[in-house]
Structures are given as C-alpha cells and as structure tokens.
Amino acid sequence: MAVERACWIMPDTLDAADVADFARRVEELGYSRLWVAETLGRDPFALTAHWGAVTSTLRLASGIANVYNRHPGVMKQGACTVAEQTGGRFTLGLGVSSPVIVSKIRGIPYDKPLSFMRSYLDAMDEARYTAVPPPEEVPVVLAALGPRMLEFAAERTAGAHPYNTTPEHTAFARSVMGPGAQLCVEQKVMLTSDAEQARATGGNVMKFYTRAPGYRNCWKSLGFDDDDIDGLSDRFVDAMVAWGDADAIERRLAEHADAGATQVCIQVLHPSAGAAAVDYDALAALAPDGAAEPQEEA
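Presented here is an overview of the structure given in this document. (Residues numbered from 1 in each chain as written. Predicted model: local features only at pLDDT ≥ 70, side-chain atom pairs only at ≥ 80, totals over all residues. Heavy atoms only, no water.)

Observations concerning helix α9 (residues 213–221)
Within α9, burial applies to Tyr215, Arg216, Cys218 and Trp219. One side of α9 carries all its buried residues, which in axial view fall inside an arc of 165°. Opposite the buried face of α9, at more than 90 degrees from it, the exposed residues are Asn217 and Ser221. Contacts made by the buried residues of α9 are with α7 (167–177), α8 (195–207), α10 (226–230) and α11 (234–240). Count one or two residues on from α9 and you reach Gly223, which has phi positive near 105°. (Buried < 20%, exposed > 50% of the residue type's maximum accessible area, 1.4 Å probe, protein only. Helix = DSSP H or I, 4+ residues; strand = E, 2+ residues; numbered from the N terminus. Arc of directions from axis to C-beta. Contact = heavy atoms within 4.5 Å.)

This is the structure we're talking about:
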C-alpha cells in the first residue's frame, strides 16, 4: 500500500503572508496534505479555510482541534464550513490536548479524557448543521497514544493521529487498531548532519512537550525514563527528531511506513530556529517522489 507523505506545521511564528506561501509551496512540492496545530495561537478553522482559498488540490487537516475549546456543535460548524468551502479537502483531527493547556492555562476542568471524547463525539453526531453541507461527511481522526484511545479511534472514527512518537509506537498502534483504520503519524525532521546542533535544537523543541503527562506516559511505555525525558538525553531526542541527510531521514520515515502508517506527516524543523522558521531546503529534499494518490479519506 502506498503511504502518503504529508506535512505538519505549528505556524504561529509566521505572518499571514508567509503562512499562505508555505501552503502553496507544500502543494507545489506534491505533499498530499497539510496539518496544522492548535495550541494557544491561530484558530485551525480560520487558517485551513484560508489555505483552501490559496491552494486547489492540497488536502487540509487539524492536528488537532482541542475538544475542550469548543462546544461539539460549534466544532461541527467549523469543520463543515471548511469542508464545504474547500470541496471536501478537510479532515477534522480532534484531541483532548493536555491538562497543562486545558486546566492550568484555560481554567477548564480536565478529567477522564476517553469518556469525555466519547460523549463529545455523540454530541457532535446529534448537533444540527443547517447550512449547505460539504460534499461528503467530514472525516474525523483522533489524537491517540495509549491503547484505549487508539482502540476507540479505530472503532468510532476514520483513524488516529499520533504525535511525538516513534516507529515502534506506530507498530504498536497498528496492532491495536487493526488493518483498516487510518494511521497518520507525525515525525519531526531536521536536515543537518551536525549532531550537536540537531540535539540542541531538537531538545529545545521537545522541552515544550515534556510537561504533558500523556506524552510522558507514552514515552515511558517506549522505554524512556524520567532522566531521559527531563534531561533531554541524546537517545530520547534522536528518537523524537529524525536528523541527518535526506537519506537518513528517509530511512526513519520508511520505518513508520513499514510499521503500518498510512500517512507520514513530517514536521520540518530548522536546524537553528526549530519550529520558529521554515527550512524550505528540507521541505524540498523530502518531498514525495511521484506523490502517492491519497488513500480513502482520513
């Protein structure tokens, strides 16, 4: 099965013109899809709608829209609006985010995320949407790391969008989800053969995520300990960020594909600026070679 090569970005340091240029460049290079993060910056629906207006074939996805930020009916409105405006090019990635963002920053109670997600999807299904509908039902995938959320994603939605993981986790996710579900995995990449630079920049990027208990639990299940995570050990950073020349990075991406990914979503990090700047050389070097036709919509 051909595996899609997609792109993933947290674009909050780019201005509006640069964000639009980035989407156009991703489309020109043949990437199948562009995923956008949601943390405390841009709204993913406004942004993907804008990307839809400046591209013609590029598929778009939220990676992920935070379910605690929106009423289920409002989430459905946003997803249906973008999907209708873009001719069905939008996938709704949903997730429970982290208690650091939801509870500590937003002040919203965070408890029993799987139960909350189950009730949330029920409410989305029941919510009314009275505008012109998209050409087809909006595909949904869930941010999922542990076995229960992965199993639920396969049971209830098109699949899962794991983030900050390894090919070993991809194999685990596929074993839990079975053969039919979409598995859209994110992988950070950095085009540099300078080990010191790669680990320093990659460590600075990963430090942001070490406060999130969901990621920490996942990493521990993969064999890392608190010293690896808190100390941003070389072993840990090397596992999270694929760096080296294009061939070395391609080997990591192939490992995800061999482990069962249906879509590998690369987040290109700049060797000196991390996620704060775009390395267009890396984006071009890792572009699909004869881009795969998209699979059944995820």
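Section: the state of the cysteines
Note: disulfide means a covalent bond formed between the sulfur atoms of two cysteine side chains. Enumeration according to the criterion identifies zero disulfides in this entry. No disulfide involves Cys7; its sulfur sits 8.9 Å from that of Cys265, the nearest cysteine. For Cys7, a relative accessible area of 0% puts it in the buried group. Lacking any disulfide linkage, Cys80 is separated from the closest cysteine sulfur, that of Cys184, by 19 Å. (Disulfide = S-S within 2.5 Å.)

Comments concerning the nonpolar core
Membership of the largest hydrophobic core comes to 61 residues, with the highest contact counts inside it found for Leu92 and Leu94. When near neighbours in sequence (up to four residues on either side) are disregarded, Leu94 contacts Ile64, Ala65, Val67, Met75, Met117, Leu121, Met124, Val140, Val141, Leu142 and Ala143. Ranked by size, the runner-up nonpolar core spans 27 residues in total, among them Trp35, Leu145, Trp219 and Phe224. (Core = buried A, V, L, I, M, F, W, Y, C linked by side-chain atoms within 4.5 Å.)

Thoughts on the pattern of salt bridges
Under the counting rule described, the total for this entry stands at 16 salt bridges. Notably, a salt bridge pairs Asp234 with Arg199, separated by 3.5 Å at the nearest N-O pair. Linking Asp234 in helix α11 with Arg199 in helix α8, this pair joins segments that are 35 residues apart in sequence. Of the residues examined, Asp234 reaches a relative accessible area of 42% and is grouped as partly exposed. For Arg199, a relative accessible area of 28% translates into the label partly exposed. By sharing partners, the salt bridges in this structure join Arg216, Lys220, Asp226 and Asp230 into a single network. (Salt bridge = Lys/Arg side-chain N within 4 Å of Asp/Glu carboxyl O.)

Note that every value here comes from positions in space, so none of it alone points to a role or purpose.
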